[in-house]
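Take a look at the letters that make up each chain.
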Amino acid sequence: MNSVVRFVAVALGLLLTLCLTLVIFGLPLGPSLSRIATGAFGSEAGIARSLVRMTPLLLAGLGMVLAWRAGMYNIGGEGQFIVGGLTGATLYKLAPGLPPALLGISILVVSAVGGALYAALAGWLQISRGVQVVISTILLNFIALHLLDYCVNGPLREQAGQNPLTDRLPDLAMLAKFSVRTDLHAGIFLAIITALLVFGFLFFTSPGFKIRLVGENQRAARANGISPERVQILAMALSGALCGLAGGVEYTALAGQLGRSFSENWGFLAIPVALLGGLHPLGLIPSSLYFGALLAGTDYLSRFSVGGKSIIYLIQGAAVLVFMGLQRWFDQKQPVVLDEEART
Amino acid sequence: MIESLISVLLFTTPLAIAAVGETVNQRAGQINIGLEGMMLVAAYVAAIVAIETGSPVLGIGAAIAAMIPLWLIQNFLTIQAGRDQVVVGTALNLCAIGLTSTLYQMRFGQSGQLLSVPQLPRWGGIDGMVLFGLLLVPVLGWWLFRSRWGLVLRAAGEYPDSVRSSGFSVARIRWEAAAVGAVMAALAGAHLSIGVGGTFVQEMTSGRGFVAVALVSFGRWRPAWVLAACLLVGGAEFLKFYYQVRQTALPYQLFLALPYLVALGVLVIVGKNSRAPAALAQPFRSNQ
């Protein structure tokens, strides 16, 4: 019952935030909302757009859940997403002769590995050198961005043509699409299945339990013979793997080539998706759908009014702030739990 | 040579002012991930007000005023409601990007026309903010380590319980530290648009707020060391403009990434020798 109330409260809070944001910027409320709805759900193309945008948000958001649940503030989804795509493009550059179907799958695998290594680096830096993950991942985001820019202008640049893009993947290596009219691709199933797998992993396996325990109470974990450091590096690697996979899916499903604007802030936008999903793998499905739809809707809205596209950041940020306020309100209704950790 | 040094000082100033403000914040037990967003809002507000009134000084004033709502929202959630500081800061950054980009696009259109913003007057390449930044370091250093207020503030970051049992309010001290941090963020952001750049572009802070947060730990939570760290990164930032003049065989992107690489590199080198305030990023609940 309580979770239903929570869900309704959060949904209403989100709607209110959206309306308030539109009003603050002087956009007509009714027409703007209806344009957002049309862009997101108004047609087959609209629904496809929403689901296509939901896919990277869900995958990278699940990555955030795994890290944050272990107490690692991975802000580096963006960098891991980019490195994932880059690793995939590097594989294609090195082994263009692979059979297309194998190539497609291998790209997804190596992009997950690339993201995992990039995130594990940040985890290792915290454990062994005391560099906070929240800081190192932010710095690594910028480094990945410039690395991408370098690669598409240099070593990975396409052989034909003059554009700063990587070579285009053969069609057969690309993820399957459902219809020629829309971009909707198999990645959405991959993302939803991954959400179920992460749910199972986190709540029904021993490593998943350790991740949650370490995130909630390090001392209890240590007292029970669990090494928090190991668990946290594992959580970071898994987190990066999912963000990298999101990059690989984006690469093999949509353009088939990388440019310097390969990631449209997916790794960054995934953070509020994860937070509003309550850091619960299943909660992320509605939350990523909401933001995917909102992205598709504001995309459409921006054809009619200037500044429609950037509004999404404000809506997301404000939504998280409102959510934090709501959480406080929920907490107050429950008996006060002594937080011994904060006192010692 | 002198000219290069002056340029490095100019690039260092916004970083240093933000980082020294963040030092005060972290000493009181708060990590302000929202620093990036605060600087961005300040840069935008200062630029717009300077354009409208023709006065860069009014722009600075407006940037400080613009911090009030951000300061209230952030610290209501972190101090009063005990919410996670990293989460609140991240959300604040998203809001700042959305707000400034949307307002900018509504005002100037999608096209990237180059804005010209009235700049602070310079003497020999240095403006008032550079001097202020240099002065700020000893002043805040003295304040943190030699004054009663600083002692209580540092205690709030190390062992808040002792602060409370001595009859001080941890919440109040943290609100004050956050106010210092917010004013510094305003000055740093404003200096980016009306001091260093003379323009505003979307997301112009490009991670400087994050780098400032990182440099606080590199500077071991001491203003003078933090300034030294900022000079290092400011120097790295200057190199990319230097590169535009003199071509080298190294890829351009390496120079763009250099400030972040330097920041990360020094953190790795300093490593575990540094010790953060014990209660950093932990909410304090006085109702226990």
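None of these values were measured; they are calculated from a predicted model.

Undergrad: Report on the packing of helix H2 (residues 35-53) of chain B against helix H9 (residues 208-218) of chain B, specifying residues and quantitative values.
TA: Residues and elements named next belong to chain B. One way to put it is that H2 packs onto H9 with a least axis distance of 7 Å and a crossing angle of 135°. Taken together, the axes of H2 and H9 are oblique relative to one another. The two elements H2 and H9 meet at a crossing, and its hand is right-handed. Seen from H2, the contacting residues are Leu-35, Glu-36 and Met-39; seen from H9, they are Arg-208, Gly-209, Phe-210, Ala-212 and Val-213. Partitioning the contact of H2 with H9 into residue classes produces 5 nonpolar, 1 polar and 2 charged.

Undergrad: Break down helix H10 (residues 228-255) of chain A for me, with residues and values.
TA: Residues and elements named next belong to chain A. Between the first and last C-alpha of H10 there are 40 Å, a value that for 28 residues agrees with the 40 Å anticipated at 1.5 Å per step. Within H10, 20 of the 28 residues are buried, leaving the element largely enclosed by the surrounding structure. Following H10 by one or two positions, Gly-256 has its phi on the positive side, about 80°.

Undergrad: Help me get a handle on the environment of Phe41(A), residues and values and all.
TA: Within the secondary structure layout, Phe41(A) lies in helix H2 (residues 29-41). Along the sequence, Phe41(A) and Ile105(A) sit 64 residues apart, while their C-alpha atoms lie 31 Å from each other.

Undergrad: Before we move on, could you go through the packing of helix H11 (residues 266-276) of chain A against helix H4 (residues 85-108) of chain B and cite the residues and values that matter?
TA: Where H11(A) meets H4(B), the closest approach of the two axes is 11 Å, and the angle between their N-to-C directions is 125°. By the criterion of interaxial angle, the relationship of H11(A) to H4(B) is oblique. Relative to H4(B), the crossing made by H11(A) is left-handed. Residues Phe268(A), Ile271(A), Pro272(A) and Leu275(A) of H11(A) pack against Val87(B), Thr90(B), Leu94(B) and Ile97(B) of H4(B). Partitioning the contact of H11(A) with H4(B) into residue classes produces 7 nonpolar, 1 polar and no charged.

Undergrad: Describe in detail the interface of chain B and chain A, supporting the description with residues and values.
TA: Tallying the contact residues gives 54 residues for chain B and 50 residues for chain A. Counting each side, the surface lost to burial between chain B and chain A is near 4,500 Å², with a carbon and sulfur contribution of 72%. Across the contact surface, chain B and chain A share 0 salt bridges. Breaking the side of chain B that touches chain A down by element, the ones donating at least two residues are helix H3 (56-80), H4, helix H7 (160-165), H9 and helix H11 (252-270) of chain B. By residue number, the principal contributor to the side of chain B that touches chain A is H4(B), which donates 16 residues. Per-class residue counts for the side of chain B that touches chain A are 32 nonpolar, 16 polar and 6 charged.

Undergrad: Hey, could you go over the confidence of the model for chain B for me, with residue numbers and the actual values?
TA: Of the residues in chain B, 95% reach a pLDDT of 70 or more, and the chain-wide mean stands at 88. Quick note on the complex model: pTM equals 0.90, ipTM equals 0.87.

Undergrad: Tell me about the nonpolar core, and please be specific about residues and values.
TA: Judged by nonpolar contacts, the single largest core of 196 residues is most densely connected at Trp68(A), Leu139(A), Met67(B) and Phe200(B). Here Phe200(B) is in contact with Leu40(B), Ala43(B), Tyr44(B), Ala47(B), Thr100(B), Tyr104(B), Leu115(B) and Val117(B), once residues within four sequence places are set aside.

The rules we used
- Counting restarts for each chain: residues are numbered from 1 in the order of the written sequence.
- Written order decides the labels, with chains lettered from A and ligands numbered from 1.
- Residue-level local features of this predicted model are given only where pLDDT is at least 70; pairs of side-chain atoms are given and counted only at 80 or more, and the full residue set underlies all totals for whole chains, interfaces and linings.
- Note: side-chain values were computed over all heavy atoms of the structure, leaving out hydrogens and water.
- Axis lines are fitted to C-alpha atoms, over the contacting stretch for helices. Their N-to-C directions set the angle, which ranges from 0 to 180 degrees.
- Here a strand is any run of E in DSSP of at least two residues, a helix any run of H or I of at least four, and the numbering for each starts at the N terminus.
- Between 65 and 115 degrees an angle is taken as roughly perpendicular, under 35 as roughly parallel, over 145 as roughly antiparallel, and anywhere else as oblique.
- If you view the pair so one helix is near and one far, a crossing is left-handed when the near helix is turned anticlockwise from the far one by less than a right angle, and right-handed when it is turned clockwise.
- Here a residue-residue contact requires only that any non-hydrogen atoms of the pair lie within 4.5 Å.
- Classes in brief: Ala, Val, Leu, Ile, Met, Phe, Trp, Tyr, Cys and Pro nonpolar; Asp, Glu, Lys and Arg charged; the others, Gly included, polar.
- By this rule, a helix spans an expected 1.5 Å times one less than how many residues it contains.
- Residue burial is assigned from relative accessible area. The probe radius is 1.4 Å, only protein chains are included, and a residue is buried under 20% of its type maximum, exposed over 50%, and partly exposed in between.
- Note: buried area is the sum, over both parts, of the accessible area (probe 1.4 Å) each one loses when the two are combined.
- Between Lys or Arg on one side and Asp or Glu on the other, a salt bridge is scored when a side-chain nitrogen of the former is within 4 Å of a carboxyl oxygen of the latter.
- Each residue gets a pLDDT score, which is the predictor's confidence in that residue and runs from 0 to 100.
- What makes a nonpolar core is a set of buried Ala, Val, Leu, Ile, Met, Phe, Trp, Tyr and Cys residues whose side-chain atoms join them at distances within 4.5 Å.

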